[in-house]
Amino acid sequence: MLLEQAVRVSEIILAFAFVLQSLEYLRGLQPEKSIAAIRLLLSLLLLVGIQPVWVELGLLLSSVFYLFRFQGPYNGGSDAMGILVLFSLFLSHLASTHFWQEIALGYLAFQLTFSYFQSGYIKVINVEWRNGRALQDVFSITAYPVSDKIRLWGKSTRLMCIMSWVVILFELAFPFSLLNQITFLIALVIAGIFHFANAWLFGLNRFFWIWPAGFPILFWFQSRVIFPFV
Amino acid sequence: MIKIILPALFPSWRFFSGIGPSPRIYYALLHIESDEPTQWLEFRPKPKVLSVKEQVLRLFHNPQWNETLYINTCAERLFEGYAEMRAREIMHRLLAAVARKEILVGEKDNYLVYRIGAVMREEEHVYEQITFTSSPALLKGFC
């Protein structure tokens, strides 16, 4: 995928995710409600591709406002990934040379890949993740399961152990999937299912939309950086 | 400023690295400020089951759930020590729930107070411990 194409597709997915987020904030309180109205407008402009540099600057400034308003992210990692994708796309437009454009997007590709690997690594070194106990606690103790029925999944030790290892192996293998086009496509499908499951079971709908916003950049990254070496 | 912006640009992706105490928010309504709460109710208890239609809708639009996650983040910060902003933020959102009739109040209810329970596991034993109780907030103007 060409760099310009990857940036554009990424912007469309990101804009869609921000539209959904803004509609959620509009149901909330002030002052985030007013900022959401501005972000909704900016996101729609980004969706159709009008003045992306200025629009992304506006979205970045409003993201910083939210960070200060909530003294950190409102929704943890999904906000962090949103800002990261936005910041990298913004820098890619701002870059004076093709080289710096590639550096900005390369950083995003690295962080996106690393997000899976680091998450898998901290699990595999933890005995409670390896034996399924940690995931059992996620279902049984935390406030994440969306219903009492889903909370009951935590009672099945065997299921929790299997699910833990599926998640760990997928997360650790993700960076290596980039070495081949087929494995990469398979990894993206699994990633989609993984984020869908998190949204379905734990209500993490913002993650489901924001992570794929970076996937087009991974397509570009694979053809630009990985393929010349394999 | 750096402490807030830098983690967004150089994030750590340590999702669920350890499962710590998990917060539950309870509220009580009081007639007068000095009353002792008699009945604590869980704020936004989980439904027994969600239909497929509700689940699909929540993929696109889930404001209440995401606000609850934010409230839980505030509560987790309070586990680490008292932080006025976090305590105020939880109260602010509970009062907003009163204003939009999500929390129903009686005619004689004039104050709202909340407390945070921490659910945790020790070996095979799961238990809950109350870690924080707020000061009562006046409901006037919210209901």
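Residue numbers run consecutively from 1 along every chain, following the written order of its sequence. As a convention, the first chain written is A and the first ligand written is 1, with the rest following in written order. Local features in a predicted model are, by the rule used here, given only for residues with pLDDT of at least 70; side-chain atom pairs are given and counted only at 80 or more, and totals for whole chains, interfaces and linings are based on all residues. The side-chain numbers reported here are obtained from all heavy atoms of the structure, hydrogens and water having been left aside.

(A) Fine view of the overall build of chain B. The secondary structure listing takes helices from DSSP runs of H or I that are at least 4 residues long and strands from runs of E that are at least 2 residues long, numbered from the N terminus. Broken down by element type, chain B carries four helices and five strands. Over its C-alpha atoms, taken along the principal directions, chain B stretches across nearly 50 × 40 × 40 Å. Burial here depends on accessible area, computed with a 1.4 Å probe over protein chains only, as a share of the maximum for the residue type. Under 20% is buried, over 50% is exposed, and the range in between is partly exposed. The buried share of chain B, taken over its 143 residues, is 42%. Whether two residues touch is decided by their heavy atoms; if any such pair falls within 4.5 Å, the residues are in contact. For chain B, contacts bridging at least 24 residues in sequence account for 60% of all contacts bridging at least 6. Each accessible area is a Shrake-Rupley estimate made with a 1.4 Å probe; only the visible protein chains count as cover when residues are assessed. Total accessible area computed for chain B in this model is approximately 8300 Å², and 56% of it derives from carbon and sulfur atoms. In this charge count, Lys and Arg are treated as positive and Asp and Glu as negative; neither His nor the chain ends contribute. To locate a charge, take NZ of a lysine, CZ of an arginine, CG of an aspartate or CD of a glutamate. Charge centroids of chain B, computed over 18 positive and 17 negative side chains, lie 7 Å from each other.

(B) Representation of the interface of chain B and chain A within the structure. Between chain B and chain A, the contact holds 49 residues from the first and 61 residues from the second. Here the buried area means the combined drop in accessible surface, using a 1.4 Å probe, for two parts upon being joined, counting both sides. For the pair chain B and chain A, the summed buried area comes to about 4900 Å², and 61% of that belongs to carbon and sulfur atoms. It is Trp13(B), Phe16(B) and Leu59(B) that lose the most area in chain B upon contact with chain A, and together they represent 17% of the buried surface on that side. Should a side-chain nitrogen of Lys or Arg be within 4 Å of a carboxyl oxygen of Asp or Glu, the pair is scored as a salt bridge. Run the count over chain B and chain A and you get five salt bridges. Between Glu89(B) and Arg69(A) there is a salt bridge whose closest N-O contact spans 3.0 Å. Definition of a polar contact: a pair of N or O atoms within 3.5 Å, with one able to donate and the other able to accept a hydrogen when the atoms are protein atoms, and with sequence-neighbouring residues admitted only if both atoms are side-chain atoms. Seen at the junction of chain B and chain A, the total is 30 residue pairs in polar contact (both at pLDDT 80 or more). With seven residues, helix H3 (residues 63-80) of chain B is the largest single contributor of residues to the side of chain B that touches chain A. Here the residues of the side of chain B that touches chain A sort into 28 nonpolar, nine polar and twelve charged. Classification convention: Asp, Glu, Lys, Arg as charged; Ala, Val, Leu, Ile, Met, Phe, Trp, Tyr, Cys, Pro as nonpolar; all other residues, Gly among them, as polar.

(C) Quick look at a nonpolar patch on the surface. Each patch groups residues whose relative accessible area exceeds 30% and which form no salt bridge, using 9 Å between like charges and 5 Å between nonpolar side chains of Val, Leu, Ile, Met, Phe, Trp and Tyr. Together, Phe16(A), Val52(B), Val56(B) and Phe60(B) make up an exposed nonpolar region whose accessible area comes to about 330 Å². Per-element accounting of the nonpolar patch gives the leading share, three residues, to helix H2 (residues 52-60) of chain B. Its place among the elements puts Phe60(B) in helix H2.

(D) The UniProt feature "transmembrane region" (unreviewed entry) in chain A, seen in detail. Residue and element names in this part refer to chain A. When the UniProt feature table is mapped to this numbering, "transmembrane region" (unreviewed entry) covers residues 38-68, 80-100, 159-176, 182-201 and 208-227. Helix makes up 90% of residues 38-68 and strand 0%, with an end-to-end C-alpha separation of 17 Å. Counting secondary structure, residues 80-100 comes out at 86% helix and 0% strand; the distance between its end C-alpha atoms is 22 Å. UniProt positions are given in the numbering used here, feature names are shortened, and annotations may be inferred rather than shown by experiment.

(E) Structural view of the nonpolar core. Within this scheme, the nonpolar core is defined by two criteria: the residues are buried Ala, Val, Leu, Ile, Met, Phe, Trp, Tyr or Cys, and they are joined through side-chain atoms within 4.5 Å. The biggest cluster of nonpolar side chains holds 71 residues, and the ones touching the most others in it are Leu14(A), Met81(A), Tyr116(A), Phe174(A), Trp211(A), Ile217(A) and Leu218(A). Beyond its immediate chain neighbours, meaning those up to four positions away, Trp211(A) contacts Gly77(A), Ser78(A), Met81(A), Leu112(A), Ser115(A), Tyr116(A), His195(A), Trp13(B) and Phe15(B).

(F) A look at empty space enclosed by the protein. Residues and elements named next belong to chain A. Using only the protein atoms, space was sampled on a 1 Å grid; points where a 1.4 Å probe fits but cannot get out form cavities, open sets with protein on both sides within 12 Å along at least five of seven lines form pockets, and lining residues are those with an atom within 4 Å of a point. Grid points are joined across faces, edges and corners, and a volume is the space filled by probe spheres set on the points. Considering all chains together, one arrives at three cavities of 30 Å³ or more under this definition. Size it by volume and the largest cavity reaches roughly 130 Å³. Along the wall of the largest cavity there are 16 residues; nearest its centre are Arg39, Ser63, Tyr66, Asp79 and Ile83. The set of elements that each furnish at least two residues to the lining of the largest cavity consists of helix H1 (3-25), helix H3 (52-69) and helix H4 (76-94). Looking at which element gives the most residues to the lining of the largest cavity, the answer is H4, with four residues.

(G) Seen up close, the pattern of salt bridges. Within this structure, the stated rule accounts for 18 salt bridges over all chains. When the shortest N-O distance is used, the salt bridge between Arg100(B) and Glu67(B) registers 3.6 Å. Here the residue Arg100(B) occupies a position in the loop between helix H4 (84-99) and strand S3 (111-122), and Glu67(B) occupies one in helix H3, the gap between them amounting to 33 residues. For Glu67(B), a relative accessible area of 6% puts it in the buried group. For Glu102(B), the salt bridge identified is with Arg100(B), shortest N-O distance 3.2 Å. Judged by relative accessible area, which is 28%, Glu102(B) ranks as partly exposed. Owing to a relative accessible area of 39%, Arg100(B) belongs among the partly exposed residues under this scheme. Bridged by salt links that share partners, the residues Glu32(A), Arg69(A), Arg44(B), Glu67(B), Glu89(B), Arg93(B), Arg100(B) and Glu102(B) form one connected network.

(H) Layout of the environment of Val56(B). Residues and elements named next belong to chain B. Among the structural elements, Val56 can be located in helix H2. On the accessibility criterion, Val56 (38% relative accessible area) is partly exposed. For the pair Val56 and Ser12, spaced 44 residues apart in sequence, the C-alpha to C-alpha distance is 30 Å.

(I) Main features of the layout of surface pockets. Taken as a whole, the second largest pocket spans an internal volume of roughly 820 Å³. Taken together, 38 residues form the lining of the second largest pocket, with Arg44(B), Arg58(B), Gln64(B), Trp65(B) and Thr68(B) sitting closest to its centre.

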